[in-house]
Amino acid sequence: MPDIRFDFSGAEVLVVGASRAGIGASIARAFQDAGAKVAITGAEPEPAEEDRARFSYTQLDVTDLAAVRALSAKTSKLDILVNCAAITSRGEEMEPTFFEHVVNVNLHGTFRTAEAFHSQLKAQKGSLINIASMYATFGSPKNPAYGASKAAVTQLTKSLSIAWAPDGIRVNAVAPGFIVTMQSARSRTDPAHVAAVNLRTPMGRWGQPEDIAGPVLFLASPASAFMTGTCLAIDGGYSIA
Ligand SMILES: NC(=O)c1ccc[n+]([C@@H]2O[C@H](COP(=O)([O-])OP(=O)(O)OC[C@H]3O[C@@H](n4cnc5c(N)ncnc54)[C@H](O)[C@@H]3O)[C@@H](O)[C@H]2O)c1
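Notes on the structure in this doc start here. (Residues numbered from 1 in each chain as written. Predicted model: local features only at pLDDT ≥ 70, side-chain atom pairs only at ≥ 80, totals over all residues. Heavy atoms only, no water.)

Within the structure shown, the criterion is met by seven aromatic pairs. Consider the rings of Phe 6 and Phe 8, whose centres lie 6.2 Å apart with planes at 45°: the pair is tilted. Here Phe 6 falls in the partly exposed class, since its relative accessible area comes to 22%. Phe 8 gets classed as buried once you look at its relative accessible area, which sits at 6%. Here the aromatic residues Tyr 135, Phe 138, Tyr 146, Phe 178, Trp 206 and Tyr 238 are joined through ring pairs into a cluster of three or more. (Phe/Tyr/Trp six-rings, centres within 6.5 Å; stacked < 30°, edge-to-face > 60°. Buried < 20%, exposed > 50% of the residue type's maximum accessible area, 1.4 Å probe, protein only.)

Here you go:
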């Protein structure tokens, strides 16, 4: 990531869903590079190799309310919570049970962690940042559960921002475009899809996980002190072209 010059010294940050060297990991590294104490979680038993020595790690299934609450109970202080955990599977989301599971992870999981860490965030007048998607806005024939869940995440972001403004907590979201991560690996095996995204994106390329970190740090920083309930598009212009 470019030199962004944010200073998060003394801040404690939790990034939920940062185990696969993708967007969450990139956000976690950026906060740590800016001086924060950062903990991460993921569905896997261990994080990506390159992050093992770097962060304290908890394996956490966000569909497990007791596990989410147990992690909260062990966390005495939290300034910034970033919700990155999500799943999707192109072509499988018309199956009702799987549809429900995707919404459970992406939407209910986001709410479970937000609610569980509300008191710590309130104590610090902290920030909550959720990860939405362009598919919160566009229809998504192959990923109907993912799109519905991400639209709901942007709506939840607005509602929580109003509910928690009196507590001094700001709640914002970002909506990444097409980003090179393990989540998009399968779709990137289709060269026509890769080329179509490049062609339609005014900036002419897919995003990298590092492209998402800067705007997230901005939303967690005093530079955005009067912003709450927003969702920033980070997509190289894809959604306005
Ligand atoms: N890659 C993209 O193109 C793209 C675009 C828009 C939005 N996003 C969003 O960015 C965020 C990060 O995605 P990524 O691309 O880095 O993908 P990723 O697959 O690398 O990361 C997803 C994370 O979610 C975790 N996770 C999955 N199921 C979980 C569960 N049940 N409980 C707890 N954690 C669970 C995984 O362990 C992993 O850490 C997601 O919210 C994703 O929807 C990604």
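Moving on: the site of the ligand. Taken together, 28 residues lie around the ligand, and Ser 19, Arg 20, Glu 44, Tyr 146 and Thr 181 are the ones closest in. Within the side chain of Thr 181, a nitrogen or oxygen atom sits 2.6 Å from an oxygen atom of the ligand. For the ligand, the accessible surface in isolation is 830 Å², of which the surrounding protein chains cover 94%. Residue composition of the shell around the ligand, grouped by class: 16 nonpolar, eight polar and four charged. (Near = heavy atom within 4 Å. Polar contact = N/O pair within 3.5 Å; in protein donor to acceptor, adjacent residues only side chain to side chain. Areas by Shrake-Rupley, 256 points an atom, 1.4 Å probe, with all protein chains shown as cover. Nonpolar A, V, L, I, M, F, W, Y, C, P; charged D, E, K, R; others polar.)

Our focus in this paragraph is the environment of Glu 92. One can find Glu 92 in the loop between strand S4 (80–83) and helix H3 (96–116). Residues Glu 92 and Asn 104, twelve residues apart in the sequence, show an inter-C-alpha distance of 15 Å. Beyond its immediate stretch of four places on either side in the chain, Glu 92 contacts Phe 98, Lys 142 and Arg 186. (Helix = DSSP H or I, 4+ residues; strand = E, 2+ residues; numbered from the N terminus. Contact = heavy atoms within 4.5 Å.)

So, to be careful, I would describe these as geometric facts and stop short of saying anything about function.
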